[in-house]
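# Topology and contacts: notes
Okay, here's what each chain looks like letter by letter:
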Amino acid sequence: MENQEKRSPLSQLMQSTIEHMRAMADANAVVGAPIQAEGVTLIPVSRLSVGVAGGGTEFSTKKQPVGGDNAFGGGSGASAKLEPVAFLVVREGSVKLLPVAPPPATTIDRVIDTVPEVVDKVTGFMERQKEKQDLAD
């Protein structure tokens, strides 16, 4: 059974996909090449996320038995995402980690952050209105 799996088209397809991903995702992708300028060395550090998927099937018909030519259908796919995280700053024998700032917040993030403030203002306004009405009565 093990020999059959090694020779199956799906196994070959996945092996090829993984080899290509391995070639792209080497250590230089995570810790980049040093950049030197005016006595300072910057070394970029990134986060690498990888996803791999694959699948296949063997077809059989009355004329085409399982394992025959053209009886396999399959595919594989992969994705990689490289995000900058920080820079190592080397200057005069000292090393510091300089994080990359997070991307600016989206409009929804800003609204969510300000919701408690808005609720407090509306509640305060309603309470003042009620007090004015109570005093008028």
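Please refer to the structure higher up on the page.
Here the structure is a predicted model, which is why all the values come from computation and not from measurement.

Now for the sheet that holds strand β3 (residues 72–91). The antiparallel open sheet is built from four strands, whose spatial order is β1-β2-β3-β4. Each of the sheet's edge strands pairs with one partner strand only, and the pair in question is β1 (35–37) and β4 (94–99). Neighbouring strand axes in the sheet, compared pairwise and without regard to direction, differ in orientation by 30° on average. Both β1 and strand β2 (residues 40–58) contribute to a ladder of three bridges, which runs antiparallel. Its bridge partner being in β2, I35 is matched across the sheet by L42. Against the sheet, helix α2 (residues 9–24) engages β2 and β3, with an angle of about 15° to β3.

Burial analysis of β4 places just zero of its six residues in the buried class, a small minority of the element. Counting the residues in the hairpin turn of β3 and β4 gives two residues, including E92, whose phi is positive at 50°.

Enumeration over the complete set of coordinates arrives at one salt bridge. For E83, the salt bridge is made with R47, and the minimal N-O distance between the two is 3.6 Å. Placement of E83 in strand β3 and of R47 in strand β2 is noted, with a sequence separation of 36 residues between them. E83 gets classed as partly exposed once you look at its relative accessible area, which sits at 27%. Look at R47 and you get partly exposed, because its relative accessible area is 45%.

This part is about a nonpolar patch on the surface. A cluster of nonpolar side chains, contributed by I18, V50 and V52, occupies part of the molecular surface with about 210 Å² of accessible area. For V52, the position within the fold is in strand β2. Classification of V52 as partly exposed rests on a relative accessible area of 39%.

Cut-offs used in this document
- Residues numbered from 1 in each chain as written.
- Predicted model: local features only at pLDDT ≥ 70, side-chain atom pairs only at ≥ 80, totals over all residues.
- Heavy atoms only, no water.
- Pairing = 2+ DSSP bridges.
- Helix = DSSP H or I, 4+ residues; strand = E, 2+ residues; numbered from the N terminus.
- Axes fitted to C-alpha atoms, helices over the stretch in contact; angles between N-to-C directions.
- Contact = heavy atoms within 4.5 Å.
- Buried < 20%, exposed > 50% of the residue type's maximum accessible area, 1.4 Å probe, protein only.
- Salt bridge = Lys/Arg side-chain N within 4 Å of Asp/Glu carboxyl O.
- Patch = residues over 30% accessible without salt bridge, like charges linked within 9 Å, V, L, I, M, F, W, Y side chains within 5 Å.
- Areas by Shrake-Rupley, 256 points an atom, 1.4 Å probe, with all protein chains shown as cover.

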